[in-house]
Amino acid sequence: MSDEQKWNARYRQSGELPAPANVLLENAHLLPESGRSLDLACGLGANARYLSGLGLESHAWDLSAIAIDRIRNETPGVLVQARDVTAQPPEPSTFDVIVVAHFLDRDLCAAISAALQPGGLLFYQTFSREAVNAIGPGNPAFRLAPNELLRLFGDLRLVVYREEGRIGNLSKGYRDLVHYVGMKL
Ligand SMILES: C[S@@+](CC[C@H](N)C(=O)[O-])C[C@H]1O[C@@H](n2cnc3c(N)ncnc32)[C@H](O)[C@@H]1O
């Protein structure tokens, strides 16, 4: 089964729209008032819908035509594309805001960074290998090593970083996920 078939099957079954990513909600004060945003590998497009509601020109791309159709039907203001971002990454200097949540393709990071306009912001949130709970992908290749996003986006100015790993009281804090916001210089 291809990745596209796998995700289409999952979205055929799952009706629930997730909340926007915390990295976006908690740092929404950093967003520009206008501009072009991209929710890359958007799934059901929670981040794109949120950004559209804030008045940005909101684009949402995902491999799954099922997920994309649902966004198109439910939130016509979001500009959707069924698009394999590995085969067709975003073009250079085309977005003011890019959000990537729960998706990791290391080979795409240079293109994501290049797709930001100067001053543009990347909001990234995905799973850490140093997890506390059994959520997210089982394959460590799809999870971040410590500090890895800092290395993958070393060309951006660091704005926000949160990665708690397994340090301290594991029943508290924000675990399992890494939060990153960076700005294109
Ligand atoms: C775990 S889901 C995350 C969805 C969404 N970002 C969220 O946080 O709710 C991963 C998404 O990546 C998409 N995806 C996987 N490979 C992709 C590719 N090469 N191009 C575009 N989307 C891809 C899948 O279709 C799926 O919707």
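Residues numbered from 1 in each chain as written. Predicted model: local features only at pLDDT ≥ 70, side-chain atom pairs only at ≥ 80, totals over all residues. Heavy atoms only, no water.

Enquirer: How do you make sense of the overall build of the chain when you look at a structure like this?
Expert: Counting secondary structure elements, the chain contains 6 helices and 7 strands. Going residue by residue from the N terminus, the α and β elements of the chain occur as α-α-β-α-β-α-β-β-α-β-α-β-β. What you see for the chain is a C-alpha radius of gyration of 16 Å, in line with the 16 Å of a compact globule of 185 residues. Principal-axis analysis of the C-alpha atoms gives the chain an extent of 45 × 40 × 30 Å. Out of the 185 residues in the chain, the part that is buried amounts to 46%. Long-range pairs, those at least 24 residues apart, make up 56% of the contacts in the chain with a sequence separation of at least 6. Only carbon and sulfur atoms are counted for the fraction: they give 52% of the accessible area of the chain, which is about 9100 Å². Each charge sign in the chain was given a centre, from 18 positive and 21 negative side chains, and these centres are 4 Å apart. (Helix = DSSP H or I, 4+ residues; strand = E, 2+ residues; numbered from the N terminus. Rg over C-alpha atoms; globule rule 2.2 N^0.38 Å. Buried < 20%, exposed > 50% of the residue type's maximum accessible area, 1.4 Å probe, protein only. Contact = heavy atoms within 4.5 Å. Areas by Shrake-Rupley, 256 points an atom, 1.4 Å probe, with all protein chains shown as cover. Lys, Arg positive; Asp, Glu negative; His and termini not counted. Charge placed at Lys NZ, Arg CZ, Asp CG, Glu CD.)

Enquirer: Could you clarify how one ought to interpret the site of the ligand in this entry?
Expert: Taken together, 15 residues sit near the ligand, with Y11, A41, D62, A101 and H102 positioned nearest. Within the contact set of the ligand, a nitrogen atom lies 3.1 Å away from a backbone nitrogen or oxygen of L63. According to the grid-proximity analysis, the pocket containing the ligand is the largest pocket. When its residues are assigned to classes, the shell around the ligand shows 9 nonpolar, 3 polar and 3 charged. (Near = heavy atom within 4 Å. Polar contact = N/O pair within 3.5 Å; in protein donor to acceptor, adjacent residues only side chain to side chain. 1 Å grid on protein atoms, 1.4 Å probe; cavity = no way out; pocket = protein on both sides within 12 Å on 5 of 7 lines; lining within 4 Å. Sits in = over half its atoms within 2 Å of the grid points. Nonpolar A, V, L, I, M, F, W, Y, C, P; charged D, E, K, R; others polar.)

Enquirer: What is the right way to read empty space enclosed by the protein from this model?
Expert: Where empty space is left can be seen by rolling a probe of water-molecule size over the atoms. One pass over the full model with this rule turns up 1 cavity of 30 Å³ or more. Considered as a void within the structure, the largest cavity measures approximately 30 Å³ in volume. Looking at the largest cavity, the residues that line it are S128, E130, E163, E164, G165, Y174, R175, D176 and L177. Class assignment of the residues belonging to the lining of the largest cavity gives a composition of 2 nonpolar, 2 polar and 5 charged. (Points joined across faces, edges and corners; volume = space filled by probe spheres on them.)

Enquirer: Explanation requested: the pairing of strand β1 (residues 36-40) in the structure shown.
Expert: Every regular strand shows the same layout, with side chains that alternate between the two sheet faces. For β1, the buried fraction is high: 4 of the 5 residues fall into the buried class. Taken together, the 5 bridges between β1 and strand β2 (residues 57-62) define a ladder with parallel strand orientation. Directly across from R36, in β2, lies its bridge partner E57. In terms of strand pairing, β1 meets strand β4 (residues 95-101) through 4 bridges, oriented parallel. Bridge pairing in β4 links L40 to V100. (Pairing = 2+ DSSP bridges.)

Enquirer: Help me out: how do you make sense of unusual backbone geometry in this one?
Expert: Excluding glycine, residues mostly have negative phi values, and the peptide bonds linking residues are mostly trans. Within the chain, A41 stands out as a residue other than glycine whose phi angle is a positive 55°. Take A41: its relative accessible area is 17%, and that puts it in the buried class. Even without being a glycine, D176 presents a positive backbone phi close to 80°. Relative to the assigned elements, D176 resides in the loop between β6 (157-162) and β7 (177-183). A relative accessible area of 5% means that D176 is categorised as buried.

Enquirer: I keep staring at the packing of aromatic side chains and nothing clicks. Help me out?
Expert: Taken as a whole, this structure holds 4 aromatic pairs when the rule is applied. Between W61 and F95 the ring centres are 5.8 Å apart and the planes differ by 80°, which places this aromatic pair in the edge-to-face class. Of the two residues, W61 is situated in strand β2 and F95 in strand β4; the sequence distance between them amounts to 34 residues. As far as the burial class goes, W61 and F95 line up, both buried. Clustering of aromatic rings is evident, with ring pairs tying together Y124, F153 and Y180. Just above the ring of W7 sits the side chain of R10; from NZ or CZ to the centre is 4.4 Å. The cationic tip of R36 hangs over the ring face of F95; the distance from NZ or CZ to the ring centre is 4.6 Å. (Phe/Tyr/Trp six-rings, centres within 6.5 Å; stacked < 30°, edge-to-face > 60°. Lys NZ or Arg CZ within 6 Å of the ring centre and 35° of its normal.)

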